[in-house]
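# Architecture at a glance
Read off the chains here:
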Amino acid sequence: MEQGGIRKTIEIKRQLAKPLKQIMEDSGLGLDELVNIGLYELMVRTGHIRPQSVPVAPPTRLEMERMPQAAPSSSKPPLSRPPPRAPAPVPAATEEALFFQVDGGETIPVRKRVFLLGRGSKCDYILRDPGVSREHAVITKERSGWFIEDLNSANGVWLNGEQISKHKLSHGDVIQICKYNIRFVIQAG
């Protein structure tokens, strides 16, 4: 546990024990980490704390083209959850690395082979818009490259004005999910 933390004994309901154990096995996180993530999510949802964005420097040799700036929106920009848990394994150095920008914002690395986009709290990147489904799309690393797949969302995933169900990502692709333009950058390892 971190310095300054408070250690408490908690009772976990019997019906939660099995799914909790499965989450621990799937994520590689310990019980303390999962409890802290759960408490953090509850405090954000109830307004007791506000998530703060953490600037992440883009990797070296990454060249980003400037996207035209959209007209200012009155709604809040999408917020990604701060990384309270250990990142999943990064693809080997010989593999392609994937990064994305939402509406020309900060560069986000995809550090997992299965990366979920949506409105729900379980997503790896949260798009805060009521038109976005809880689990809207998934980015996956397969043998032949990176793919984005629509998860039967209500409003779909779009590329160049055409709705797609699954698409192999190429460097510079711009995918639309509701009001968001997501630009992908692929960098050789």
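Let me begin by describing the structure that accompanies this report.

## Regarding the overall build of the chain
- The number of helices and strands found in the chain is two helices and 11 strands.
- When the elements of the chain are put in sequence order from the N terminus, they spell out α-α-β-β-β-β-β-β-β-β-β-β-β.
- Taking all 189 residues of the chain together, the buried fraction comes to 32%.
- Taking as baseline every contact in the chain between residues at least 6 positions apart, the subset at least 24 positions apart corresponds to 45%.

## Notes on the pairing of strand β11 (residues 180-187)
- With seven of eight residues buried, β11 lies mostly within the body of the structure.
- Note: strand β1 (residues 97-102) against β11, six bridges, orientation antiparallel. Its bridge partner lying in β11, Val102 is registered against Ile182.
- Inspection of the sheet shows strand β10 (residues 174-177) paired to β11 by four bridges, in the antiparallel sense.

## A closer look at the environment of Ser165
- Summarising the element assignment, Ser165 is placed in the loop between β8 (162-164) and β9 (166-168).
- Assessed through its relative accessible area of 53%, Ser165 is described here as exposed.
- In sequence terms Ser165 and Asn152 are 13 residues apart; their C-alpha atoms lie 8.1 Å from each other.
- Aside from chain neighbours lying at most four places away, what touches Ser165 is Ile148, Glu149 and Asp150.

## Focus: helix α1 (residues 14-27)
- Relative to the 20 Å expected for 14 residues at 1.5 Å per residue, α1 spans 21 Å between its end C-alpha atoms, a close match to the ideal helical length.
- Looking one or two residues past α1, Gly28 carries a phi angle of roughly 75°, positive in sign.

## Looking at the side chain of His167
- Tracing the backbone through its elements, the reader meets His167 in strand β9.
- Residues contacting His167, with those up to four places away along its chain left out, are Trp146, Phe147, Ile148, Leu159, Asp173 and Ile175.

## A closer look at the packing of aromatic side chains
- Within this structure, the stated rule accounts for three aromatic pairs.
- Each ring, one from Phe100 and one from Phe184, has its centre 6.0 Å from the other, and the planes form 45°; the classification is tilted. With Phe100 in strand β1 and Phe184 in strand β11, this residue pair connects regions lying 84 residues apart in the sequence. Judged on exposure class, the residue Phe100 and its partner Phe184 are both buried.
- Through a chain of ring-to-ring contacts, the aromatic side chains of Phe100, Phe115, Tyr125 and Phe184 assemble into a single cluster.

## Details of unusual backbone geometry
- The phi dihedral of Asp103 is positive, around 50°, even though this residue is not glycine.
- Looking at the secondary structure, you find Asp103 in the loop between β1 and β2 (107-110).
- Judged by relative accessible area, which is 36%, Asp103 ranks as partly exposed.
- Look at Asn152: it is not a glycine, yet its phi comes out positive at around 55°.
- Mapping Asn152 onto the fold places it in the loop between β6 (145-150) and β7 (157-159).
- The exposed category is assigned to Asn152, whose relative accessible area is 76%.

Parameters and conventions
- Residues numbered from 1 in each chain as written.
- Predicted model: local features only at pLDDT ≥ 70, side-chain atom pairs only at ≥ 80, totals over all residues.
- Heavy atoms only, no water.
- Helix = DSSP H or I, 4+ residues; strand = E, 2+ residues; numbered from the N terminus.
- Buried < 20%, exposed > 50% of the residue type's maximum accessible area, 1.4 Å probe, protein only.
- Contact = heavy atoms within 4.5 Å.
- Pairing = 2+ DSSP bridges.
- Expected span 1.5 Å × (residues − 1).
- Phe/Tyr/Trp six-rings, centres within 6.5 Å; stacked < 30°, edge-to-face > 60°.

What is shown is where atoms sit, not what they do.
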